[in-house]
Amino acid sequence: MPLDEIQTELGRDRSALTERVGALNARFRHHSAHDVMHGALQEAEHLALVSSFGAESVVLLHMAAVVDKDIPVLFVDTQLLFTETLVYQQEVSERLGLRNVQIIRATDEDVARQDPYGALRLRDTDACCTLRKTIPLQRALSGYDGWITGRKRFQAGTRAALDFFEVEDGTGRIKVNPLAHWAPEDVRAYMDENRLPRHPLVAKGYPSIGCAPCTSPVKEGEDPRAGRWRDQNKEECGIHFVDGKMVRVGEKT
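What counts as what
- Positions within a chain are numbered from 1, following the residues in the order the chain's sequence is written.
- For this predicted model, a pLDDT threshold of at least 70 governs which residues receive local features, and a threshold of 80 or more governs which side-chain atom pairs are given and counted, while totals over whole chains, interfaces and linings are taken from all residues.
- Hydrogens and water are ignored here; the side-chain numbers use all heavy atoms of the structure.
- Segments assigned H or I by DSSP are reported as helices when at least four residues long, segments assigned E as strands when at least two residues long, and all are numbered from the N terminus.
- Burial classification: accessible surface area is computed with a 1.4 Å probe over protein chains only, and a residue below 20% of its type maximum counts as buried, one above 50% as exposed, and the rest as partly exposed.
- Definition of a polar contact: a pair of N or O atoms within 3.5 Å, with one able to donate and the other able to accept a hydrogen when the atoms are protein atoms, and with sequence-neighbouring residues admitted only if both atoms are side-chain atoms.
- Contacts were defined at the residue level, with two residues in contact if any of their heavy atoms lie within 4.5 Å.
- Strands pair, by our definition, only if DSSP identifies at least two bridges between them.
- Nonpolar cores are built from buried Ala, Val, Leu, Ile, Met, Phe, Trp, Tyr and Cys residues. Side-chain atoms within 4.5 Å join them into one set.

Draft legend 1. Up close: the side chain of serine 93. Residue placement: serine 93 occurs in helix H4 (residues 83–96). A relative accessible area of 8% means that serine 93 is categorised as buried. Of note is the side chain of serine 93, whose polar atom sits 2.7 Å from the backbone oxygen of glutamine 89. Apart from residues lying up to four places away in sequence, serine 93 is in contact with Phe53, Leu98 and Val101.

Draft legend 2. Spatial organisation of helix H2 (residues 33–43). Restricting attention to buried positions, one finds in H2 the residues Ala33, Val36, Met37, Gly39 and Ala40. Structurally, H2 contributes buried residues whose contacts are with strand S1 (47–50), helix H3 (57–67), strand S4 (146–148), strand S5 (165–168) and strand S6 (173–176).

Draft legend 3. Fine view of the pairing of S6. Alternating residues of S6 divide into Arg173 and Lys175 and Ile174 and Val176, and every residue in both groups is buried. In this sheet, S6 lies alongside S4 in parallel orientation, the contact comprising three bridges. Paired with glycine 146 across the two strands is isoleucine 174, which belongs to S6. Pairing of S5 with S6, which is carried by four bridges, proceeds in the antiparallel orientation. Residue glutamate 168 lies in a different strand from S6, and its bridge partner there is arginine 173. Counted along the chain from S5 to the antiparallel partner S6, the turn is four residues long, and its residue glycine 170 has a positive phi close to 90 degrees.

Draft legend 4. Seen up close, the nonpolar core. Counting residues in each nonpolar core, the largest one holds 48 residues, and the members touching the most others are Leu49 and Phe165. Residue contributions to this core peak at seven residues, all from H3. By size, the runner-up hydrophobic cluster in this structure holds nine residues, among which are Ala48, Leu137, Leu141 and Trp147.

This is how it looks when you write it as structure tokens:
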């Protein structure tokens, strides 16, 4: 097929996917997070849930377990995580009965080539995130039609317009954000009502938890993500970006 015909076909596919996502957002506009989760699993045959097993992750994991304990759960182990996170991941997986948790890591070859001394984060945090999170996750997601995230509007200014469903530009996958409209009190209430275990670092002042070297406690009154890459012009690890830009429905890179 000539290049111009290929480009036209890709444009049609993109347009059709954007329309589908728009219809899903309209359909579920006034529905609950449970409805969005259930609907997403019905709409897409091959969906994975991506979880950091961080401060609020147990909410989405519990919702998924209620619907399907065999849902693929992709956990990216950057090999720079807090020990508490690794222990919490095992405990939560067992408690919720999740049967398909997949541990995703950068390949030994990539780490040896790009970060042999483990110091890449000191000179280029974006490159470190790309090596240890973005590339491994994109490889793991290559066989899926879409993925479910725990992102919420209140977490950061870059997420203020988040919808339930998005088109992931550059991949043709759908991203599902069941908790997009939840407030902090909704998260706490759900945890309390379902007696879900807290990440142990939350009680120590970590409302948002990433890699140990790049995460610090948050002071009262600060943004919940202020402890992530503190004092750097960086708010996201990069897994929700394409070509360095945050992409939402209708945007082009």
